[in-house]
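# Report on the structure
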Amino acid sequence: MGRFNVVDKLNRYGMTGTAALAGHGFRYFLHKHVLRRRYLTRRIHDYQMSLDLSDPGLSTDIAIRGTREHQLRWILQQTLESGHAVLDLGANIGFYALMMARLV
């Protein structure tokens, strides 16, 4: 994720968001480097995910930030309703599958 630049984060997330981001980053660092755990279970929106800390991509990003792509989540919330059927053909960690399952 690059360096943690406090001024940039304050401008983007505000004081509360930056403090939360720093806390999640610390938790990620603690679990991965100090406790040497491979997985971190984290509440993401309204569901739990088990994130692979050895994955430098999506799992790490979600472990630290807590979410991704707010715009797509908003579109799904506006489009999907209870009773809809969704076919997810992705092959990653299930971020969108879990999100869509909650909505339908």
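Structure report, in brief. From a predicted model like this one, the values you see are computed outputs, not experimental measurements.

## Side note on the packing of aromatic side chains
Tallied over the entire structure, the rule returns one aromatic pair. For the ring pair Phe95 and Tyr96, a centre distance of 5.0 Å and an interplane angle of 80° mean the geometry is edge-to-face.

## Re the nonpolar core
Judged by nonpolar contacts, the single largest core of 17 residues is most densely connected at Ile44, Tyr47, Met49, Ile62, Ala63 and Phe95. Breaking this core down by element, the ones donating at least two residues are α1 (6-34), β1 (39-44), β2 (47-52), α2 (58-65) and α4 (95-103). Among the elements that line this core, the one with the most residues is α2, at four residues. Among residues more than four places away in sequence, those in contact with Ile44 are Met49, Ile62, Gly66 and Phe95.

## Here we look at the packing of helix α3 (residues 70-79) against α4
Across the interface, α3 lies against α4 with an axial gap of 10 Å and an inter-helix angle of 25°. Between α3 and α4, the crossing angle belongs to the class labelled roughly parallel. Handedness of the crossing formed by α3 with α4: right-handed. Taking contact as the criterion, the partners of Leu72, Arg73, Leu76 and Gln77 in α3 are, on α4, Tyr96, Met99, Met100 and Leu103. A class-by-class count of the residues in the contact of α3 with α4 yields six nonpolar, one polar and one charged.

## With respect to α2
For α2, the buried fraction is high: seven of the eight residues fall into the buried class. Within α2, the full set of buried residues consists of Leu58, Ser59, Thr60, Asp61, Ile62, Ala63 and Ile64. At the C-terminal side of α2, Gly66 shows a positive phi close to 90°.

Cut-off values and rules
- Residues numbered from 1 in each chain as written.
- Predicted model: local features only at pLDDT ≥ 70, side-chain atom pairs only at ≥ 80, totals over all residues.
- Heavy atoms only, no water.
- Phe/Tyr/Trp six-rings, centres within 6.5 Å; stacked < 30°, edge-to-face > 60°.
- Core = buried A, V, L, I, M, F, W, Y, C linked by side-chain atoms within 4.5 Å.
- Buried < 20%, exposed > 50% of the residue type's maximum accessible area, 1.4 Å probe, protein only.
- Helix = DSSP H or I, 4+ residues; strand = E, 2+ residues; numbered from the N terminus.
- Contact = heavy atoms within 4.5 Å.
- Axes fitted to C-alpha atoms, helices over the stretch in contact; angles between N-to-C directions.
- Parallel < 35°, antiparallel > 145°, perpendicular 65-115°, else oblique.
- Left-handed = near helix turned anticlockwise from the far one by under 90°.
- Nonpolar A, V, L, I, M, F, W, Y, C, P; charged D, E, K, R; others polar.

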